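Okay, here's what each chain looks like letter by letter:
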Amino acid sequence: SRRQRQMCIRDRYFIYKYKFLLKTQQKVKMKKYQMVKDFFMFIKYFVGLTGNELSAGHIPINSRFASTSHWLENSSLKKILIDKGFNESSLFVTGDPKWDMIFNKIKNERKTHEEKQKKNILLITTNLYEHGFWTKKERDNIFAKIVKEIIKNNDKCNLIVKIHPKNENLKEYQMLINKINSKIEIYQNGDVLDFLENSDVVVTFGYNASASVYALLVNKPLIICNFNDEKQWLFLKKKLAIEVKKPEDIIISIQNIFLKNPASPEKIQDFISEYLYKIDGNSSKRVSEMILKTIEDFPNN
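Rules used in this analysis
- Residues numbered from 1 in each chain as written.
- Predicted model: local features only at pLDDT ≥ 70, side-chain atom pairs only at ≥ 80, totals over all residues.
- Heavy atoms only, no water.
- Helix = DSSP H or I, 4+ residues; strand = E, 2+ residues; numbered from the N terminus.
- Buried < 20%, exposed > 50% of the residue type's maximum accessible area, 1.4 Å probe, protein only.
- Contact = heavy atoms within 4.5 Å.
- Areas by Shrake-Rupley, 256 points an atom, 1.4 Å probe, with all protein chains shown as cover.
- Core = buried A, V, L, I, M, F, W, Y, C linked by side-chain atoms within 4.5 Å.
- Arc of directions from axis to C-beta.
- Pairing = 2+ DSSP bridges.
- Right-handed = clockwise from strand over helix to strand, strands pointing away.
- Expected span 1.5 Å × (residues − 1).
- Polar contact = N/O pair within 3.5 Å; in protein donor to acceptor, adjacent residues only side chain to side chain.
- Phe/Tyr/Trp six-rings, centres within 6.5 Å; stacked < 30°, edge-to-face > 60°.
- Lys NZ or Arg CZ within 6 Å of the ring centre and 35° of its normal.
- 1 Å grid on protein atoms, 1.4 Å probe; cavity = no way out; pocket = protein on both sides within 12 Å on 5 of 7 lines; lining within 4 Å.
- Points joined across faces, edges and corners; volume = space filled by probe spheres on them.
- Nonpolar A, V, L, I, M, F, W, Y, C, P; charged D, E, K, R; others polar.
- Axes fitted to C-alpha atoms, helices over the stretch in contact; angles between N-to-C directions.
- Salt bridge = Lys/Arg side-chain N within 4 Å of Asp/Glu carboxyl O.

Chemist: Would you mind going over the overall build of the protein chain in detail, with residue names and values included?
Modeler: Along the protein chain, the regular secondary structure elements total 13 helices and eight strands. Taken over 301 residues, the protein chain has a buried fraction of 43%. A separation threshold of at least 6 residues defines the contact pool for the protein chain, and within that pool the share at least 24 residues apart is 64%. If you sum the accessible surface of the protein chain, you get close to 17,800 Å²; carbon and sulfur atoms cover 54% of it.

Chemist: Kindly report on the nonpolar core, identifying the contributing residues and their values.
Modeler: Counting 33 residues, the largest nonpolar core has Leu-196, Phe-235, Phe-271 and Leu-276 as the members making the most contacts within it. Those elements that place two or more of their residues in this core are helix H5 (100–108), strand S3 (119–124), helix H8 (192–197), helix H9 (210–217), strand S7 (222–225), helix H10 (234–237) and helix H12 (265–276). Ranked by residues supplied to this core, first place goes to H9 with six residues. Once you skip the residues sitting within four places of it in the chain, Leu-276 turns out to touch Glu-73, Asn-74, Gly-95, Trp-99, Phe-103, Val-213, Leu-217 and Phe-271. Grouped together as the second largest cluster of nonpolar side chains are 32 residues, Ile-121, Leu-123, Phe-133 and Leu-159 included.

Chemist: How would you explain H12 if you had to name every residue and give the values?
Modeler: Listed in full, the buried residues belonging to H12 are Ile-268, Phe-271, Ile-272, Tyr-275 and Leu-276. An end-on view of H12 places all buried positions within 100 degrees of arc, on one side of the element. Turned more than 90 degrees away from the buried face of H12 sit Glu-266 and Asp-270, all of them exposed.

Chemist: Residues and numbers for the pairing of S3, please.
Modeler: When you tally the buried positions in S3, you get five out of six residues, the bulk of the element. With six bridges joining them, S3 and strand S4 (residues 157–162) adopt parallel strand pairing. If you follow Ile-121 over to S4, its bridge partner there is Leu-159. At this point the chain moves from S3, through helix H6 (residues 136–150), to the parallel S4, and the crossover so formed is right-handed. When S3 meets strand S6 (residues 201–204), the two strands line up parallel, connected through four bridges. Counted as the bridge partner of Leu-122 is Val-202 from S6.

Chemist: Describe H6, naming the residues involved and giving the relevant values.
Modeler: Taking 1.5 Å as the rise per residue, H6 with 15 residues should run 21 Å; its terminal C-alpha atoms sit 21 Å apart, in good agreement. Looking at the buried residues of H6, the elements they touch are S3, S4, helix H7 (170–180), S6, S7 and helix H11 (250–259).

Chemist: Could you give an account of the side chain of Asp-200, with specific residues and numbers?
Modeler: Position of Asp-200 relative to the elements: it lies in the loop between H8 and S6. For Asp-200, a relative accessible area of 14% puts it in the buried group. One polar contact links the side chain of Asp-200 to the main-chain amide nitrogen of Asn-120, over a distance of 2.7 Å.

Chemist: Tell me about the packing of aromatic side chains, and please be specific about residues and values.
Modeler: Tallied over the entire structure, the rule returns nine aromatic pairs. Here the aromatic cluster, defined as three or more aromatic residues joined through ring pairs, consists of Tyr-18, Phe-39 and Phe-40. Residue placement shows Lys-119 over the ring face of Phe-258; its charged tip is 4.9 Å from the ring centre. The positively charged end of Arg-139 is found above the aromatic ring belonging to Tyr-173, 4.6 Å away from the centroid.

Chemist: Can you break down the environment of Ile-224 residue by residue, with the values?
Modeler: Relative to the assigned elements, Ile-224 resides in strand S7. Considering only alpha carbons, one finds Ile-224 and Leu-240, 16 residues apart in sequence, at a separation of 9.9 Å. Ignoring any residue separated from it by four or fewer positions in sequence, one finds Ile-224 in contact with Thr-204, Gly-206, Trp-233, Phe-235, Leu-236, Ala-241, Ile-242, Glu-243 and Val-244.

Chemist: For the layout of surface pockets, give the residues involved together with the corresponding values.
Modeler: Of the pockets and cavities examined, the second largest pocket occupies roughly 160 Å³. Along its surface, the second largest pocket is lined by Gln-117, Lys-119, Ile-121, Asn-153, Lys-156, Cys-157, Ile-251, Ile-254, Gln-255 and Phe-258. Residue contributions to the lining of the second largest pocket peak at four residues, all from H11. Residues belonging to the lining of the second largest pocket are distributed by class as follows: five nonpolar, three polar and two charged.

Chemist: Report on the sheet that holds strand S5 (residues 185–187), specifying residues and quantitative values.
Modeler: Reading across the sheet, the six strands line up as S5-S4-S3-S6-S7-S8 and stay open at both edges, with parallel pairing between neighbours. Looking at the sheet topology across the chains shown, the edges are occupied by S5 and strand S8 (242–244). Neighbour to neighbour, the strand axes of the sheet diverge by 25 degrees on average, direction disregarded. For S7 and S8, the ladder comprises three bridges, and the chain directions are parallel. In the strand pairing of S8, Cys-225 is matched with Val-244.

Chemist: Quick one: what's the story with the pattern of salt bridges, residue by residue and with numbers?
Modeler: A pair can form between side chains of opposite charge whenever their charged atoms are brought close. One pass over the full model with this rule turns up eight salt bridges. Asp-229 is the partner of Lys-245 in a salt bridge, and the nearest nitrogen-oxygen pair spans 3.3 Å. Remark: Asp-229 occurs in the loop between S7 and H10 and Lys-245 occurs in the loop between S8 and H11; sequence separation between them is 16 residues. A relative accessible area of 32% means that Asp-229 is categorised as partly exposed. What you see here is one network of salt bridges that share partners, running through Lys-136, Arg-139, Asp-140 and Glu-172.

Okay, structure coming up:
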């Protein structure tokens, strides 16, 4: 069941996080009674944490675990930590190094597009089933509804499906597609940026997937199918995408988004500043410089 899968993912998440904490405590030779106390503190927190909260990024934050320096991916996290009692002087926003490669590629490989009679619709899936947040039936049902609605307009649009490169099962999706229209192209391998560059609009049914961020960065209109009426989707809260709550509204939403894309340049820039810091590809450099400065400033014993 969905609840059992959410409990399973929650338990795995706790074990993964706690093992890292335990190794750290052992390395710094923390007293055993304090380690036991910390263990029960984390147990108490995670018992009340649901699968949806985990998917939304909820993690325990306690200022007594604060270090002398913290390198943060965005200003939003800085505000959260300050509210939790962290010393502002120890917090440095550097951006997340995982984005550097993608930022540099976007900057160096922008392409121009010709106006086409048939629009390319890129459907990007997400691994909510594989991570335990949805059941397979939920995933299959939503995916099938989206595909069926889009191909009703085959004369005006061309559908391409891109699934997660590692965490999703290509054969499962191929079986679903073959029941609808075996001519639909579906891919697992390949750089999602290449698919985005050749698309006119992106449709997804994910939470806050990285591919949705990529779509915004390359100025692709984004449509999110929210048939389950989920509440924590960041792109909808920030009005960076059109929300579709019923399958029959997909086509009209695609038509409307070409007339007026809610993700204006100003909104995209605000999103970048708040959640990505900078898209200059230099986050790794900033982190490295901060580490070197920390080492240099560390008093010699």
